[in-house]
Amino acid sequence: MARSVLPTLPAPRWRSPLRGPRFTAVLGVVLLAGITVLFVTGLLSYAAYNPDLSPVNDKTPGKGILGFYLFSWPTDPSWLYRLTQGVHVTLGLTLIPVLLAKLWSVLPRLFTMPPARSLSHALERLSLLLLVGGALFQFTTGVLNVQLDYVFPGSFYPLHFYGAWVFFGAFLAHVALKTPVALRNLRGMRQHGGMREHEGEEAGDLVAPDPDPPTISRRGAFGLVGGASLLMFVTSAGRSFDGPLRQTAVLTPHGGPEPGTGPGGFQVNKTAAYAGIRPAETSAEAWRLVVTGRSGTVRLTRADLLAMPLHSAALPIACVEGWSTSDQWWRGVRLRDLAALVGEEEPTDVFVESLQRRGAFRKAALRANQVADPRSLLALFVNGEELTPDHGHPARIIVPAAPGVLNTKWVARLTFSDL
Ligand SMILES: Nc1nc2c(c(=O)[nH]1)N[C@H]1C(S)=C(S)[C@@H](COP(=O)(O)O)O[C@H]1N2
Ligand SMILES: [Mo]
């Protein structure tokens, strides 16, 4: 049944000969695959943050059933979060040109008049509104978080989390509605060899009735979009590595200030100065580690910690912003040894507090499986030297496969209990 759509086109405004159902279908299939990966890695990132360890980590207390899938984030392999979050952020940036091209390709449809011809048409258009709005919202909040981080103080998580569910709901409805059409268009494309639109078949409302002469071929347009995506990829993927590769990430910042060289010469997110850590409170004379568990509270000096068995582990730092470091050699006291010191022989969760008095990320909760891992340390050294002030001197948490935000720096207090 041919829909009578031509009269609804504001004809003079949409004249690009590039637009057509197959052009849209190809971009749609790329986004279908890409956005599914973004959604899954995004949900994984949320789970990795231990949001069900209340109340410290949970930035979305109203999540309700949307948290149905939460699970204990594993500690193996130690590069797990480096991979999932690197893919999430790098892929998200790489898909921006494809998303923009896709939106451009269906632009006439967004302006269809009358707004709704029937109830089902009204519903379809409402889902389209959530889809387009949701996509722009997710990509914008994601990019702002990567680039500027604290534009939304403490509220990036709920925005991006709830936004993801709204968007993905609309995305699923859209895929269900459009897959048959997209498949037909792609099949037709193969039969007729190439991207030429054939009038009459599925021309739909995308083909301009009165097109301008082409200034670029369809193939050229795909090349342009692909090239832009490739550019996004090669200028951001380097953030997942150290050394010269990191220098290739020119379009995206590398976390905090440039890392410099030496044992502490890897990415710093927040400096000690930024966090308001005063040298006087981290000196050997002043600093104490307060550890609490079922058998009571102990106060440890740095010398007390150095007298405990020290262990080493090669572990990366991987930030929610998508950047990560290679493995660094950390050395310090096992978290499970500190738990045992206060009577927690069985692994429990732990609540970690830093010296920092203001700002995000100064407290975090780790799960029992993270405490139990022999590579989970309260680190005193990195790469053979004492921690630098910016990496958390006198002591910081380092846990395999955990998001960087759980690796609290300038630790002052550990409280072991079931959270
Ligand atoms: N006290 C405190 N610890 C913190 C943070 C912070 O702001 N304050 N930032 C966290 C984040 S978001 C990351 S990614 C890592 C970065 O560690 P690095 O600066 O040593 O690379 O530290 C984590 N630990
Ligand atoms: Mo981070």
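Note: the structure precedes this text.
One structure accompanies this document, and this report is about it. Since this is a predicted model, take the numbers as computed values, not measurements. (Residues numbered from 1 in each chain as written. Chains lettered and ligands numbered in written order. Predicted model: local features only at pLDDT ≥ 70, side-chain atom pairs only at ≥ 80, totals over all residues. Heavy atoms only, no water.)

### A look at a nonpolar patch on the surface
Side chains of L119, L123, L126, L129, L130 and V166 sit close together on the surface and give an oily, nonpolar patch of about 620 Å² of accessible area. No other element matches the 5 residues that helix α4 (residues 119–148) contributes to the nonpolar patch. Relative to the elements of secondary structure, L130 occurs in helix α4. (Patch = residues over 30% accessible without salt bridge, like charges linked within 9 Å, V, L, I, M, F, W, Y side chains within 5 Å. Areas by Shrake-Rupley, 256 points an atom, 1.4 Å probe, with all protein chains shown as cover. Salt bridge = Lys/Arg side-chain N within 4 Å of Asp/Glu carboxyl O. Helix = DSSP H or I, 4+ residues; strand = E, 2+ residues; numbered from the N terminus.)

### Comments concerning the packing of helix α2 (residues 80–105) against helix α6 (residues 218–234)
Two elements in contact, α2 and α6, have axes whose closest approach is 8 Å; the angle formed by their N-to-C orientations is 160 degrees. The angle between the axes of α2 and α6 places the two elements in the roughly antiparallel class. Seen from above, α2 lies across α6 with right-handed handedness. Of the residues in α6, those touching α2 at T90, L93, T94, I96, P97, V98 and A101 are V225, A228, S229, M232 and F233. Residue composition of the contact of α2 with α6, grouped by class: 9 nonpolar, 3 polar and no charged. (Axes fitted to C-alpha atoms, helices over the stretch in contact; angles between N-to-C directions. Parallel < 35°, antiparallel > 145°, perpendicular 65-115°, else oblique. Left-handed = near helix turned anticlockwise from the far one by under 90°. Contact = heavy atoms within 4.5 Å. Nonpolar A, V, L, I, M, F, W, Y, C, P; charged D, E, K, R; others polar.)

### Considering α2
Taking 1.5 Å of rise per residue, 26 residues should cover 38 Å, and α2 covers 37 Å from first to last C-alpha, within 8% of that figure. Taken across its 26 residues, α2 has 20 buried, putting it largely inside the fold. (Expected span 1.5 Å × (residues − 1). Buried < 20%, exposed > 50% of the residue type's maximum accessible area, 1.4 Å probe, protein only.)

### A closer look at the site of ligand 1
Neighbouring ligand 1 are 19 residues, the closest being Q267, Q356, H391, R396 and K409. Here ligand 1 has 530 Å² of accessible area as a free molecule, and 99% of this is covered by the chains. Partitioned by chemical class, the residues of the shell around ligand 1 number 8 nonpolar, 8 polar and 3 charged. (Near = heavy atom within 4 Å.)

Everything listed is a geometric property; what it means functionally is a separate question.
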